[in-house]
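One letter stands for each residue in the lines below.
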Amino acid sequence: MYEPIRTKSVHSMAEPTPDFPHRSREEELDIRLAGHLTALLTVTDELRTLTPDPTLDDAAQRLAEQATRLRDGHAPLRAAPTAAAMDPAHIAALHQRAHTLAGWALVVATSRDDTAATTLAAERMRCHATALGLAA
């Protein structure tokens, strides 16, 4: 009728300490937030080329500082923006992309209780919403 299992379970034969590193939730959130801020920095650099503005210069510097902090002192790679024509549709698309990226960064920064990144992401969302005519 019933015969006991004579072989060891696959789970019990597994190594007690796996040979691959695991990251904590905080480390994963840091990586994700740094990625969102770096992507936002890339779009900001593109906007700085197309529509020079001192507020964009300041935002780019602050984004780079936050990304560097989250990446343990490693500065993000920055691409040289292309000098495209001042097409209003392209600029609006960049503002929309920046608004979306700032929103993603805001969600992650809020979940990890990072006040500096939360403030910066909310500020960038507001600025891009204003540029898109979404702000009241």
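Here the structure is a predicted model, which is why all the values come from computation and not from measurement.

## Describing helix α5 (residues 115–132)
The end-to-end C-alpha distance of α5, which contains 18 residues, comes to 26 Å, matching closely the 26 Å that a straight helix rising 1.5 Å per residue would cover. Taken together, the buried positions of α5 are Ala117, Leu120, Ala121, Arg124, His128 and Ala129. Projected onto a plane normal to the axis of α5, the buried residues spread over an arc of 165° and lie on a single side. Residues Thr115, Arg126 and Thr130 are exposed on α5 and point more than 90 degrees away from its buried face. Taken together, the buried residues of α5 touch α2 (25–50), α3 (54–70) and α4 (88–111). Residue Gly133 follows α5 closely and has a positive phi angle near 80°.

## Overview of the nonpolar core
Grouped together as the largest cluster of nonpolar side chains are 25 residues, with contacts concentrated most on Leu33, Leu37, Leu40, Val43, Leu47 and Leu63. Looking at this core, the elements that each hand over two or more residues are α2, α3, α4 and α5. Among the elements that line this core, the one with the most residues is α2, at 9 residues.

## A look at the pattern of salt bridges
Applying the stated criterion across every chain yields a total of 9 salt bridges. Residue Arg23 is joined to Glu28 by a salt bridge in which the shortest nitrogen-to-oxygen separation is 2.7 Å. Among the residues examined, Arg23 registers a relative accessible area of 54% and is labelled exposed. Shared partners join several salt bridges into a network, and the residues in it are Asp30, Arg69, Arg112 and Asp114.

What counts and what doesn't
- Counting restarts for each chain: residues are numbered from 1 in the order of the written sequence.
- Totals for whole chains, interfaces and linings use all residues, but because this is a predicted model, local features are given only for residues with pLDDT of at least 70 and pairs of side-chain atoms are given and counted only at 80 or more.
- Side-chain descriptors were evaluated using all non-hydrogen atoms of the structure, hydrogens and water having been removed beforehand.
- Every helix listed is a DSSP run of H or I at least four residues long, and every strand listed is a run of E at least two residues long, numbered separately from the N terminus.
- One less than the residue count of a helix, multiplied by 1.5 Å, gives the span that helix is expected to have.
- Only protein chains enter the accessibility calculation, which uses a 1.4 Å probe. A residue is then buried if its area is under 20% of the maximum for its type, exposed if over 50%, and partly exposed in between.
- Throughout, the arc means that of the directions going from the helix axis to the C-beta atoms.
- Every residue pair with non-hydrogen atoms within 4.5 Å of one another is taken to be in contact.
- As used here, the term nonpolar core means buried Ala, Val, Leu, Ile, Met, Phe, Trp, Tyr and Cys residues forming a set that is joined through side-chain atoms within 4.5 Å.
- What counts as a salt bridge is simple: a side-chain nitrogen of Lys or Arg found within 4 Å of a carboxyl oxygen of Asp or Glu.

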